[in-house]
Amino acid sequence: MATTDNYLRDASDGGRVPPQALEAERSVLGAMLLDGEAVGRALEVLDETAFYRLAHRQIFEAIVAVWEKKKDAVDVITVSETLRREGRFDAVGGATYLAGLLDSVATSSGVEYHARIVHEKSTLRKIIETCSTLVGRAYEDREEAAELLDEAEKAIFSISDSLLRKGFVKAKDLFGWMMGELEAQVEESLPANITDAERQELALAFDAVVEAVKEDRANPMALQDLQKMLRESLGSG
């Protein structure tokens, strides 16, 4: 029995559904099946890793594979044959699902708009994954603070560089969002019995680290103090 209920979830999402836009994903794929020129326009914005649903990622890969061989040969038949050769045809939903993608769009004119939505949701998932990983590694306390902070900056800049080069977002807006997400991760990890004084001390330390990163002169001792307070707070729970 064919199924399309296959998703790419982050193990660190705490049970919450990560940001995604399945209708936008369907619209992008439908436009690509409808018009070969839409494939090139979509590729200017995203790649297969931007898709949340695994079936959509695999269909995208099949479309691109056909398009790279012959740009005007993309249609439901050629893409179906490619998926069959790869043993993915039934897994993505078969002929019914592919036909549904094609029927979901009347024109390919909105492919860039929908591709940008897909790209944005993918970026949000990457930010969440990065912040979750950093918080987890800080709790483990197995690395030098300066080393961890350096990797944090590299991870942040790697995401922001892609967005900035494509004009998706302003640097200050992206930084603010990421710091907010990191702060939320820390907040969720604190014990229920933390005192107001401990919470205020933690907030001040966090703010100091954020300011240091913003000014590109991060203080390793500030991050060490933050890690220490986090460990002590968790230990007291």
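Keep in mind it's a predicted model, so treat the numbers as computed, not measured.

### Some points on the overall build of the protein
Part 1 of the argument: Along the protein, the regular secondary structure elements total 10 helices and zero strands.
Part 2 of the argument: In the protein, the succession of helices and strands from N to C terminus is α-α-α-α-α-α-α-α-α-α.
Part 3 of the argument: Across the 237 residues that make up the protein, the buried fraction comes to 43%.
Part 4 of the argument: Sequence separation of at least 24 residues holds for 75% of the intrachain contacts in the protein that already meet a minimum separation of 6.
Part 5 of the argument: For the protein, the exposed surface amounts to about 12,700 Å²; the carbon and sulfur share of it is 50%.

### Description of helix 4 (residues 76–85)
Part 1 of the argument: Residues Val79, Ser80, Thr82 and Leu83 constitute the buried set of helix 4. One side of helix 4 holds all its buried residues, which, seen down the axis, span an arc of 160°. Set apart from the buried face of helix 4 by more than 90 degrees, the exposed residues are Ile77 and Arg85.
Part 2 of the argument: Residues of helix 4 that are buried in the fold lie against helix 1 (22–34), helix 3 (54–69) and helix 5 (94–103).
Part 3 of the argument: The distance from a side-chain oxygen at the start of helix 4 to the backbone nitrogen of Ile77 is 3.0 Å, and the residue carrying that oxygen is Asp75.
Part 4 of the argument: Gly87 sits one or two residues past helix 4 and shows a positive phi near 70°.

### Some thoughts on the nonpolar core
Part 1 of the argument: Membership of the largest hydrophobic core comes to 33 residues, with the highest contact counts inside it found for Met32, Ile59 and Ile63.
Part 2 of the argument: Mapped by element, the contributors of at least two residues to this core are helix 1, helix 2 (36–43), helix 3, helix 4, helix 5 and helix 6 (111–140).
Part 3 of the argument: Among the elements that make up this core, the one with the highest residue count is helix 3 (eight residues).
Part 4 of the argument: If we ignore the near neighbours within four places in the chain, the residues touching Ile59 are Leu29, Leu83, Val92, Tyr97, Leu98 and Leu101.

### Considerations on the packing of helix 1 against helix 3
Part 1 of the argument: Packing of helix 1 against helix 3 leaves a shortest axis separation of 11 Å and a crossing angle of 20°. The angle between the axes of helix 1 and helix 3 places the two elements in the roughly parallel class. You can see that helix 1 and helix 3 cross each other, and the crossing is left-handed. The residues of helix 3 that touch helix 1, namely those facing Leu22, Glu25, Arg26, Leu29, Met32 and Leu33, are His56, Ile59, Phe60, Ile63 and Val64.
Part 2 of the argument: Tallied by class, residues from the contact of helix 1 with helix 3 come to eight nonpolar, one polar and two charged.

### Side note on the packing of aromatic side chains
Part 1 of the argument: Evaluated as defined, the whole model comprises one aromatic pair.
Part 2 of the argument: With a centroid separation of 5.0 Å and an interplanar angle of 45°, the aromatic rings of Phe51 and Phe60 are classed as tilted. Across the pair, Phe60 and Phe51 agree in class, each one buried.
Part 3 of the argument: We note Lys71 situated over the ring of Trp67; from NZ or CZ to the ring centre the distance is 4.5 Å.
Part 4 of the argument: In this arrangement the basic side chain of Arg84 is found over the ring face of Phe89, its NZ or CZ atom lying 4.0 Å from the centre.

### Things to note about the pattern of salt bridges
Part 1 of the argument: This structure, assessed with the given rule, holds four salt bridges.
Part 2 of the argument: The shortest N-O distance in the salt bridge between Glu112 and Arg41 comes to 2.8 Å. Taken together, the residues Glu112 in helix 6 and Arg41 in helix 2 connect sequence positions 71 residues apart.
Part 3 of the argument: On the basis of relative accessible area, Glu112 is assigned to the partly exposed category, the value being 28%.
Part 4 of the argument: Of the charged contacts in the structure, one is a salt bridge between Arg88 and Glu61, with a shortest N-O distance of 2.7 Å. Placement of Arg88 in the loop between helix 4 and helix 5 and of Glu61 in helix 3 is noted, with a sequence separation of 27 residues between them.
Part 5 of the argument: Owing to a relative accessible area of 25%, Arg88 belongs among the partly exposed residues under this scheme.

Reading guide: rules and limits
Residues numbered from 1 in each chain as written. Predicted model: local features only at pLDDT ≥ 70, side-chain atom pairs only at ≥ 80, totals over all residues. Heavy atoms only, no water. Helix = DSSP H or I, 4+ residues; strand = E, 2+ residues; numbered from the N terminus. Buried < 20%, exposed > 50% of the residue type's maximum accessible area, 1.4 Å probe, protein only. Contact = heavy atoms within 4.5 Å. Areas by Shrake-Rupley, 256 points an atom, 1.4 Å probe, with all protein chains shown as cover. Arc of directions from axis to C-beta. Polar contact = N/O pair within 3.5 Å; in protein donor to acceptor, adjacent residues only side chain to side chain. Core = buried A, V, L, I, M, F, W, Y, C linked by side-chain atoms within 4.5 Å. Axes fitted to C-alpha atoms, helices over the stretch in contact; angles between N-to-C directions. Parallel < 35°, antiparallel > 145°, perpendicular 65-115°, else oblique. Left-handed = near helix turned anticlockwise from the far one by under 90°. Nonpolar A, V, L, I, M, F, W, Y, C, P; charged D, E, K, R; others polar. Phe/Tyr/Trp six-rings, centres within 6.5 Å; stacked < 30°, edge-to-face > 60°. Lys NZ or Arg CZ within 6 Å of the ring centre and 35° of its normal. Salt bridge = Lys/Arg side-chain N within 4 Å of Asp/Glu carboxyl O.

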